[in-house]
Structures are given as C-alpha cells and as structure tokens.
Amino acid sequence: VPEGHSVHRIAQQFGRSFVGRAVRASSPQGRFAAGAQVIDGRTMTAARAVGKQLFLEFDGGPWVRIHLGIYGAWDFAGDLAASSPGSKPLASIGAPRRTRVRMAEREVEGCPDAELEAFPLEPVGQVRLRLLTEKAVADLRGPTTCEVLDAAEVERVVQSLGPDPLVGDVAAGEERMLERICARRVPISLLLMDQSVVSGIGNVYRAEILFRARLDPHALGATLPEEVIRGLWRDWCHLLTIGVATGHMLTIDDLDDDAYERALRDPAERHWVYKREGLPCRICGTHIVMELAAARKLYYCPNCQS
Ligand SMILES: [Zn+2]
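Structure report, in brief. (Residues numbered from 1 in each chain as written. Predicted model: local features only at pLDDT ≥ 70, side-chain atom pairs only at ≥ 80, totals over all residues. Heavy atoms only, no water.)

### Comments concerning the coordination of the zinc ion
Taken together, the protein donors to the zinc ion comprise Cys-281 (SG), Cys-284 (SG), Cys-301 (SG) and Cys-304 (SG), at separations of 2.2 to 2.4 Å. Around the zinc ion, the four donor atoms sit at angles spanning 100 to 114 degrees, and that spread fits a shape best called tetrahedral. By relative accessible area, Cys-281 is classed as buried at 6%. (Donors = N, O, S within 2.8 Å, 3.2 Å for Na, K, Ca; no water. Tetrahedral: all angles 85-135°; square planar, octahedral: opposite > 155°, others 65-115°. Buried < 20%, exposed > 50% of the residue type's maximum accessible area, 1.4 Å probe, protein only.)

### Structural notes on the nonpolar core
Of all hydrophobic cores here, the largest spans 36 residues; its most connected members are Ile-188, Leu-192, Val-198, Ile-209 and Trp-236. Listing elements by their share of this core, those giving two or more residues are α4 (170-181), α5 (188-193), α6 (203-212) and α7 (226-246). With eight residues, the single largest contributor to this core is α7. Beyond its immediate sequence surroundings of up to four residues, Val-198 is in contact with Gly-162, Pro-163, Met-177, Leu-191, Leu-192, Trp-233 and Trp-236. If you look at the next biggest cluster of nonpolar residues, it comprises 28 residues, including Ala-25, Leu-54, Leu-56 and Cys-146. (Core = buried A, V, L, I, M, F, W, Y, C linked by side-chain atoms within 4.5 Å. Helix = DSSP H or I, 4+ residues; strand = E, 2+ residues; numbered from the N terminus. Contact = heavy atoms within 4.5 Å.)

### Digging into the pattern of salt bridges
Inspection of every chain in the model, using the stated rule, returns 11 salt bridges. Measuring nitrogen to oxygen at the nearest pair gives 2.8 Å for the salt bridge that ties Glu-174 to Arg-230. Highlighted residues: Glu-174 in helix α4 and Arg-230 in helix α7, separated in sequence by 56 residues. In this pair, the class of Glu-174 matches that of Arg-230, namely buried. A salt bridge links Glu-226 to Arg-230, with the shortest nitrogen-to-oxygen separation between them at 2.9 Å. Remark: Arg-230 and Glu-226 occur in helix α7; sequence separation between them is four residues, near one turn of the helix. With a relative accessible area of 44%, Glu-226 lands in the partly exposed category. Salt bridges sharing common partners tie together Glu-174, Glu-175, Glu-226, Glu-227, Arg-230 and Arg-234. (Salt bridge = Lys/Arg side-chain N within 4 Å of Asp/Glu carboxyl O.)

Structure below.
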C-alpha cells in the first residue's frame, strides 16, 4: 500500500506535468465514464496530497479524489518533467504491475533502455481514468476510490483526516496529533495507522517510527507522555521529508555512503524492524517479533521496545 510519501510524489508529478494544462479525461474501462466527462477538456489547476489521498482540481471547480488502496497504481508516460536536474521522473507508483510496459522518457521499471514508443500508448487493462495532455499521460488502475467532488466536499474530507506534516502549519499539525492521541485508550500502534489521527502513515512507517522511539507498540495513547507523542510527530515529519525526496522509506539515519547505496537498492537494508521477524535486532540482537494487530502485521523488538 502506498504510504504518504508516494502520494506526495504523485501529486508533485501531476504538478510538473499536468497542472496548468488542458487535460483530456476518459475512462477506458468505463467505470468512471460519467466522472471523466465532467473534467474532460478542463485545465488542471492543482494537485494536492493529504495523507494517502490525492485531490486533483480542475478549472471551474470540480475535483477528483483518488485513494489508491492496496491494488491501485498510477502509470505515467510521455515527456515527464523530472523533479530536479539529475533526478528521474516517476514512472509508476502503487501496486507493482508486471504485465504493463511503463514508459517515462527512458526510465522504465525493469526495462531501462526501452525506446520511446508511439504516444500515447493504447490503454492496457482496466484503466479507470486516463488523463492526457499533449505530452503526458497518466493511467489510473485499481483504486479504492475515484470520485468527483466539489470544493466543499473536498474540504470536508480533508477536515476529517489527521494532520499531514507537508500540509498546512507543521506546529498546528503537532497539536492536532497530540490532541487526537493523548486521551485515547487505544494502542499507539493502532493510533498511528488511523488516518483520522495522523495522515499518511502505513505499515512500514508505523513499525519504524515506533522502533526509532523505542516505544512499546502496545502502550495506550492515554499513557504516553506528551513529549513522546510530540516526538512521534516530529519523527514522522523527518521521515516523510526523506521519503518524498528519495521515493524510498529510508528509516535508518546516519548511513555511510556504501550502506546508503545498499539501502536504496535493497529494501531489506532499509529498515530497523519492518519485515525482519526472526532476525536479530540491529541494536540489541534480540529476535524481531511479528504479530497481527487489527489484521495488519506489526513488527517490533521486544527488548528495545518494552
Ligand atoms: Zn532490540
């Protein structure tokens, strides 16, 4: 499941390649045909991420809200502006898809030397929404949510979400998260995943943030000192910033150059506890534990986090 950093990167890609341009919208699969008709031909005026949700605004008022969920993904193709010199544009974010060739200039996942093909490619598979400019195309497949909203409805959705470190005032976000955790008799491991408490944290960041704080995942929100909760928010701000910049959920700080390169290449080198059950803790050597919490896998070190 894409966590908050991915959705911010998707919003940035839309900002670079779609915002300010007239967009042809269609639903090759048909399930979003009426919605696509509402936005077809309009100029995209904004692309915003809040937590795991993406909001695209179109000239004249309509917005499209997209939540990728577990199976959703965007495939971008065409002449995509990179975020900065030397950085690669995004080709695809979301669930991995092996059957589709993804093209973004010369960056193609698993196929780096592919020739630029005819543009735009014919939609392949179940494309819920295709957005097309003269130079770029974005295909959306398998989202949990894809719907047209007006501005007031967008505002209601955003208000129902917990704070996102990259949206609005960061200090105000800290107060909101504190308020939403400090009175709750619910394990902190569940509160961090609750998108109405704080936005954008998924299973990977949840496990890693709790380890970095050496915090028992079973501790109830109401029992945590205020400073601990503030520390969780500040660490989330820190990790999200790195995630958006690199595209990876890098959660181990102070890696030397070699270790950093390894971590970029290999997810197993990136994390303190996530997916490391049975392996020795990087700090104390105790075996990392995995348990199910609300049907999601929770990883932690029973020694460091007790
Ligand atoms: Zn440990």
